[in-house]
Each structure stands twice: as structure tokens, then as C-alpha cells.
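Here is what each chain is made of, one letter per residue.
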Amino acid sequence: SAEISLKALSEKELELSLGEGKGFVKALAGKDSEGSFLQTHGVSESSMFPKLHALGEIKTCMASDVKGDFPLRTGKAPLPKATRGVYWLSGQAEGSALASFAGPSNDGGGCSVGHMVNNMMKLRCGGDRSWAEASKGPADNVEIIDLIYNFVFDSSENPTKAQIYPEWKFVGALTTEWVMDFEMYLAEEDAEYPGSVVWQRSSFFFGGNEAVGSRYK
């Protein structure tokens, strides 16, 4: 085995002692001059992740202080354009307020990794700067419920629709859409939020009955 100090990385090849012989290795940090190293060599993003980590400390801030990467991280490439940035959730009263697909995070379990995995992304509502509640009440239940949303998109490059499967701490992902059907689709234009990327959310229960007040952006 061999160890390389990040401080020693440069454009020059590094000579390493490999047992009784010697060898050369070129180590890259981040992206090389020709673009993504993984894409250049045809290597797909990893779909193997560490197990789900314990929830971190819950912190608060004023809505007026929300900007840039605070308090949530801002979603960036390689996320598809329609899933970048930070989203305000409308019509939720004291419930959910902000969401972001940004990553990587400290959640583990494949949550908020910062890229699509087989057309899918996972958000943990009590996770590492990926979700925010508008009031203390819902936040206090995070430890008990530990809700995770599994977003399955119709495309990994240009998504326009997603099926959302909720998953709770003591219950696996509920994939029976007849019982609980959460959907969202990308709005082409929205007069209420001009210049913004807007996803329209709808919730249906028991074979297509839309929940009252479930349609929001």
C-alpha cells in the first residue's frame, strides 16, 4: 500500500515505493483540464454508499437570513439544471419551508449525494442541510419519524416529472401508489414566480383521490 499527502499533489508524477519495486502514479484532485475524470474514462457515479448516519443537531435561523449556501447548500452541477438551487415550498404554513438536492452530505444511506443515481435522489427531512421546516413543531418530530423522500425522475439529464416515495424510520419506502401517490412535474412557465424553476406538487390517496390542500409549488 502507499500513502499520498494532498499537500504533495502537483502536475508532476509521484514516485512511490511498492514493496521491493518502484512505480509511478498520477493523482488528480477535483477535475482535470479536460473535464470530469470519471466522464473522461467512462466511469459511472457510485451507487454504493455508507449506511445511514445518526441525525445531527437541529439549528434555527430567521427566514430573512436565508441566502446562498445558508442554511441549506445550493444544488449545483452535476445535478440536472431543473434540480439545482434551493427550493421554497409554498402553501405549507408551519410545515416544510426549504429543500435542496445539493450534496454530498453527511447523511449516508445514499441521501443527498449531489447527483442522480439511476434516475433517483433521496432527501432526508432531518438531514444535513437538505431540508428546513418553518416552525419548531415539525422539527421536534424529526428524531421520531426520520422521514426520507425517494424521488424517482423520468430522466437523469432533463427531468420533467418525478414520483415521490416516502420512507419512515420504522417503515420502509411506501411504493404502493394506490395507497399514497406523491407526484411532481416541472412547470414550463409560472406567472407567480417568473424566472424561477417551479415544480408543481400533488398528492393522491386510495386510488386517485386528491388530498385537500395538497397541490402546491
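Just so you know, these numbers come straight off a predicted model, no measurement behind them. Within any chain, residue numbers begin from 1 and follow the written order of that chain's sequence. Local features in this predicted model are restricted to residues whose pLDDT is 70 or higher, and side-chain atom pairs enter the listing and the counts only when it is 80 or higher, whereas totals over whole chains, interfaces and linings include all residues. Each side-chain value is derived from all of the structure's non-hydrogen atoms; neither hydrogens nor water enter the calculation.

Some details on the overall build of the protein chain
Turning to step 1, where the next piece is worked out: Each helix and strand counted, the protein chain has 3 helices and 11 strands in total.
Turning to step 2, where the next piece is worked out: Taken from the N to the C terminus, the helices and strands of the protein chain come in the order β-β-α-β-β-β-β-α-α-β-β-β-β-β.
Turning to step 3, where the next piece is worked out: The cut-offs for exposure are 20% and 50% of the maximum accessible area for each residue type, with area from a 1.4 Å probe on protein chains only; residues under the lower value are buried, those over the upper are exposed, and the others partly exposed. Put simply, the protein chain has 217 residues, and 34% of those count as buried.
Turning to step 4, where the next piece is worked out: Residue contacts follow a heavy-atom distance rule, with two residues in contact if any of their heavy atoms lie within 4.5 Å. Pairs at least 24 apart in sequence give 47% of the contacts found in the protein chain among residues at least 6 apart.
Turning to step 5, where the next piece is worked out: Carbon and sulfur atoms make up 53% of the accessible area of the protein chain, which amounts to about 14200 Å² in all. Here a helix means four or more residues in a row that DSSP labels H or I, a strand means two or more in a row labelled E, and each is numbered from the N terminus. In these tables, accessible area is a Shrake-Rupley quantity obtained with a 1.4 Å probe, and a residue counts as shielded only by the protein chains included in the view.

Section: the pattern of salt bridges
Turning to step 1, where the next piece is worked out: Salt bridge, as used here: a side-chain nitrogen of Lys or Arg that lies within 4 Å of a carboxyl oxygen of Asp or Glu. Overall, the coordinates contain 4 salt bridges when judged by the stated rule.
Turning to step 2, where the next piece is worked out: When the shortest N-O distance is used, the salt bridge between Arg73 and Asp128 registers 3.0 Å. Taken as a pair, Arg73 in the loop between helix 1 (37-40) and strand 3 (87-88) and Asp128 in the loop between strand 5 (120-124) and strand 6 (131-133) lie far apart in primary sequence, 55 residues in all.
Turning to step 3, where the next piece is worked out: For Arg124, the salt bridge identified is with Asp146, shortest N-O distance 2.9 Å.

Let's talk about the confidence of the model for the protein chain
Turning to step 1, where the next piece is worked out: Confidence scores here are pLDDT values: one per residue, from the predictor, ranging 0 to 100. Considering every residue of the protein chain, the mean pLDDT works out to 79; 69% of them sit at 70 or more.
Turning to step 2, where the next piece is worked out: Mean pLDDT in the protein chain bottoms out at strand 2 (residues 21-25), which sits at 58, and peaks at strand 5, which reaches 94.
Turning to step 3, where the next piece is worked out: For the stretch residues 30-35, pLDDT sits under 50, and the model shows 4 contacts to residues farther than four places along the chain or on other chains.

Re the environment of Glu143
Turning to step 1, where the next piece is worked out: Positionally, Glu143 belongs in helix 3 (residues 142-145).
Turning to step 2, where the next piece is worked out: Note on Glu143: relative accessible area 49%, which makes it partly exposed.
Turning to step 3, where the next piece is worked out: With 26 residues separating them in the primary sequence, Glu143 and Lys169 have C-alpha atoms 8.8 Å apart.

Points about the pairing of strand 7 (residues 148-153)
Turning to step 1, where the next piece is worked out: When you tally the buried positions in strand 7, you get 5 out of 6 residues, the bulk of the element.
Turning to step 2, where the next piece is worked out: Both strand 5 and strand 7 contribute to a ladder of 5 bridges, which runs antiparallel. Bridging from a neighbouring strand, Met121 pairs with Phe151 of strand 7.
Turning to step 3, where the next piece is worked out: For two strands to be treated as a pair, DSSP must find no fewer than two bridges joining them. In this sheet, strand 8 (residues 161-167) lies alongside strand 7 in antiparallel orientation, the contact comprising 6 bridges. Bridge pairing in strand 8 links Ile148 to Glu167.

Considerations on unusual backbone geometry
Turning to step 1, where the next piece is worked out: Between Ala77 and Pro78 the backbone carries a cis peptide bond, its omega angle lying at 15°.
Turning to step 2, where the next piece is worked out: Tracing the chain through its elements places Pro78 in the loop between helix 1 and strand 3.
Turning to step 3, where the next piece is worked out: Here the bond from Gly103 into Pro104 is cis, since omega is 5°, no more than 30 degrees from zero.
Turning to step 4, where the next piece is worked out: Unusually for a residue other than glycine, Arg129 sits at a positive phi of about 55°.
Turning to step 5, where the next piece is worked out: Here Arg129 shows up in the loop between strand 5 and strand 6.
Turning to step 6, where the next piece is worked out: In this model, Asp146 sits at a positive phi of 45°, which is unusual for a non-glycine residue.
Turning to step 7, where the next piece is worked out: On the secondary structure map, Asp146 appears in the loop between helix 3 and strand 7.

Quick word on the sheet that holds strand 4 (residues 96-99)
For sheets, the rule is that strands pair by backbone hydrogen bonds, running either parallel or antiparallel.
Turning to step 1, where the next piece is worked out: An order of 3-4-6 is seen for the 3 strands of this open sheet, with the pairing classed as antiparallel. Strands with a single pairing partner mark the edges of an open sheet, and in this sheet they are strand 3 and strand 6.
Turning to step 2, where the next piece is worked out: Across 3 bridges, strand 4 lies against strand 6 in antiparallel orientation. Considered in strand 6, the bridge of Ser96 is made with Glu133.

Focus on the packing of aromatic side chains
Turning to step 1, where the next piece is worked out: Pairs were defined over the aromatic rings of Phe, Tyr and Trp, the Trp ring being its six-membered one, requiring ring centres within 6.5 Å. Orientation was assigned from the angle between planes: stacked under 30 degrees, edge-to-face over 60, tilted for the rest. Scanning the model with the defined rule gives 6 aromatic pairs in all.
Turning to step 2, where the next piece is worked out: Their ring planes at 40° and their centres at 5.5 Å tell us that Trp131 and Tyr149 sit as a pair that is tilted. Of this pair, Trp131 sits in strand 6 while Tyr149 sits in strand 7, placing them 18 residues apart in sequence.
Turning to step 3, where the next piece is worked out: The exposure class of Tyr149 is buried, given its relative accessible area of 17%.
Turning to step 4, where the next piece is worked out: Connected via pairs of aromatic rings, a cluster forms that spans Phe101, Trp131, Tyr149, Phe151, Phe153 and Trp199.

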